[in-house]
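Summary of structural features
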Amino acid sequence: MKIARSLHDPDVLDHAQYDGDKPGGLYESFYQRANHPTKPLAFWIRYTVFVPKGRPEAAIGELWFVFFDGETGEHTVMKEEFPIAECSFSTNSFDVRIGEAVLTPGRLVGGGEAAGGRSTWDLSYKSAHPPVLLQPRLAYSLEFPKAKSLVAHPLAVFDGVLTVDGREIPIRDWVGSQNHNWGSAHTDKYAFAQVAGFNEDPEGFLEIATAQVRLAGPVHTPWVTMLVLRSHGREYDMSSLLRAFRHRAKYSYFEWTFTAENDRARISGRISAPREAFVGLVYYNPSGGIKHCLNTKIGRCELQVADKTDGREFTLTTAHRALFEILTDDRRHGITIRA
């Protein structure tokens, strides 16, 4: 797999895995997200190819857009689906096209119809930071786990304009990321979070997941938690699979606490968001069925970091800049499914 051979090359990390012939089933997404510098506002844009298992001819492209407005509490959600003949996903360059929407290096343009009106985007972005790999490097070349995830461009700075239900929203120095994930099946259960910039460290970046994977029938792996934090010029990589089983984490609707530790540091944290900050989305599973994704980009995060190498301790916080997602089969969460 070319990504496994080029884990430090952001250009290659954004090349598509989809080649038009995946009989085993596949989902693959390139998503961009960013937060307003000071207000509880955020956008999330996702370019996806979905291939049902055993039916590569039924592949489709999905175009997603969500604008989270924590000031009004009104979040705009858009999803459109396209026949695969109207889409292209390059395997040798970063070039993704779904209908008329385009995603290329440093640029994304597109739009679609949402309830209440049309939403569009015309954005540029840039990042000078190396990729973040949440999983151990070896995992990207193995069949297990079935779902892969990475951040090709962390701390990406976005500029341009959004039109949300006819309202023009200028985007100036919103900070977020360009991300890539794919797999033959969605992870069975997970909580996932990302923070691009903390109050105490604007260059800080967090990526964390707590997950459980089905092995066969009713048998699941134990819960694992993987974490990568960059802050104050250092990287705390706690993605080791062996330690991931030892980390402690617990999440519910809509709060998550965790503690991860290795020889270099101990990191404890809490991520949360009120119910009204979430939107509910349906994710098709290549192996069949659907998952519910409870999704916000305006959550709260609080971290306590103890660096064992020099004894330094510090806190990182943000009131409304945390990406926070829960993937579940549970239908009792109470969040309205919007797309």
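Residues numbered from 1 in each chain as written. Predicted model: local features only at pLDDT ≥ 70, side-chain atom pairs only at ≥ 80, totals over all residues. Heavy atoms only, no water.

Once that is clear, we can look at the overall build of the protein chain. Helix and strand content of the protein chain: three helices and 24 strands. The principal-axis extents of the C-alpha atoms in the protein chain amount to approximately 55 × 45 × 40 Å. Restricting to contacts in the protein chain with at least 6 residues of sequence separation, those with at least 24 account for 61%. Counting every atom, the protein chain has about 13,900 Å² of accessible surface; 51% of that belongs to carbon and sulfur. Once the 39 positive and 41 negative side-chain charges of the protein chain are each reduced to a mean point, those two points are 6 Å apart. (Helix = DSSP H or I, 4+ residues; strand = E, 2+ residues; numbered from the N terminus. Contact = heavy atoms within 4.5 Å. Areas by Shrake-Rupley, 256 points an atom, 1.4 Å probe, with all protein chains shown as cover. Lys, Arg positive; Asp, Glu negative; His and termini not counted. Charge placed at Lys NZ, Arg CZ, Asp CG, Glu CD.)

Let's shift gears to empty space enclosed by the protein. Tallied over the full model, the rule gives one cavity of 30 Å³ or more. Here the largest cavity is characterised by a volume of approximately 50 Å³. What lines the largest cavity is Y27, R46, T48, F50, E62, H186, Y283 and Y284. For the lining of the largest cavity, the element with the most residues is strand β2 (residues 41-51), which contributes three residues. Class assignment of the residues belonging to the lining of the largest cavity gives a composition of four nonpolar, two polar and two charged. (1 Å grid on protein atoms, 1.4 Å probe; cavity = no way out; pocket = protein on both sides within 12 Å on 5 of 7 lines; lining within 4 Å. Points joined across faces, edges and corners; volume = space filled by probe spheres on them. Nonpolar A, V, L, I, M, F, W, Y, C, P; charged D, E, K, R; others polar.)

The description of two aromatic rings rests on the distance between their centres and on the angle between their planes. As enumerated under the stated definition, the model contains 17 aromatic pairs in all. With a centroid separation of 5.8 Å and an interplanar angle of 40°, the aromatic rings of F30 and F94 are classed as tilted. With a gap of 64 residues between them, F30 in strand β1 (residues 26-35) and F94 in the loop between β5 (87-89) and β6 (96-98) connect regions that are remote in the sequence. Each member of the pair F30 and F94 is classed as buried. Between W223 and Y251, the ring centres sit 5.7 Å apart and the planes meet at 90°, which makes this aromatic pair edge-to-face. With a gap of 28 residues between them, W223 in the loop between β16 (219-220) and β17 (224-231) and Y251 in strand β19 (residues 248-252) connect regions that are remote in the sequence. By relative accessible area, W223 is classed as partly exposed at 36%. Grouped by ring-pair contacts, the aromatic residues Y253, F254, W256, F258, F278 and F324 constitute a single cluster. Here the basic side chain of R46 rests over the ring of Y283, its NZ or CZ set 4.3 Å away from the ring centre. (Phe/Tyr/Trp six-rings, centres within 6.5 Å; stacked < 30°, edge-to-face > 60°. Buried < 20%, exposed > 50% of the residue type's maximum accessible area, 1.4 Å probe, protein only. Lys NZ or Arg CZ within 6 Å of the ring centre and 35° of its normal.)

Here the focus is the state of the cysteines. Here, the word disulfide means a covalent bond between the sulfur atoms of two cysteines. Counted by the stated rule, this structure contains zero disulfides. Between C301, a cysteine without a disulfide, and C293, which holds the nearest cysteine sulfur, the sulfur-to-sulfur distance is 18 Å. (Disulfide = S-S within 2.5 Å.)

A separate point is the pattern of salt bridges. Under the definition given, this model contains 20 salt bridges. Here K297 and E325 are joined by a salt bridge, their closest N and O atoms 3.2 Å apart. Within this pair, whereas K297 is found in strand β23 (residues 290-307), its partner E325 is found in strand β24 (residues 313-328), the two being separated by 28 residues in sequence. Taking relative accessible area as the criterion, E325 reaches 5% and is therefore assigned buried. Among the charged side chains, a salt-bridge network with shared partners connects R234, D307, D310 and R312. (Salt bridge = Lys/Arg side-chain N within 4 Å of Asp/Glu carboxyl O.)

If you look at the biggest cluster of nonpolar residues, it comprises 59 residues, and the most contacted ones within it are L206, L227, L229, I271 and L303. Counting residues per element, this core draws most heavily on β24, which supplies seven residues. Filtering out sequence-adjacent residues up to four positions away, L227 remains in contact with L134, L206, E207, I208, Y236, D237, M238, S239, F258, A260 and I267. (Core = buried A, V, L, I, M, F, W, Y, C linked by side-chain atoms within 4.5 Å.)

Here we take up the layout of surface pockets. One number sums up the size of the largest pocket: a volume of about 730 Å³. As for the largest pocket, its lining consists of 32 residues, of which Q135, A147, S149, T187 and A211 are closest to the centre. When residues of the lining of the largest pocket are traced back to their parent elements, those giving at least two are β1, β2, β11 (147-164), β13 (189-196), β14 (205-212), β17 and β24. Looking at side-chain class alone, the lining of the largest pocket contains 22 nonpolar, seven polar and three charged residues.

Moving on: the environment of G288. Residue position: G288 is located in the loop between β22 (279-284) and β23. For G288, a relative accessible area of 42% corresponds to the partly exposed category. Counting along the chain gives 103 residues from G288 to A185, while the straight-line C-alpha distance between them is 8.8 Å.

Summarising the element assignment, D69 is placed in strand β3 (residues 60-69). Exposure remark for D69: the relative accessible area of 3% places this residue in the buried category. Of the polar contacts made by the side chain of D69, one reaches the side chain of R167; its length is 3.5 Å. (Polar contact = N/O pair within 3.5 Å; in protein donor to acceptor, adjacent residues only side chain to side chain.)

Note that all results are geometric; they support no functional claim without further evidence.
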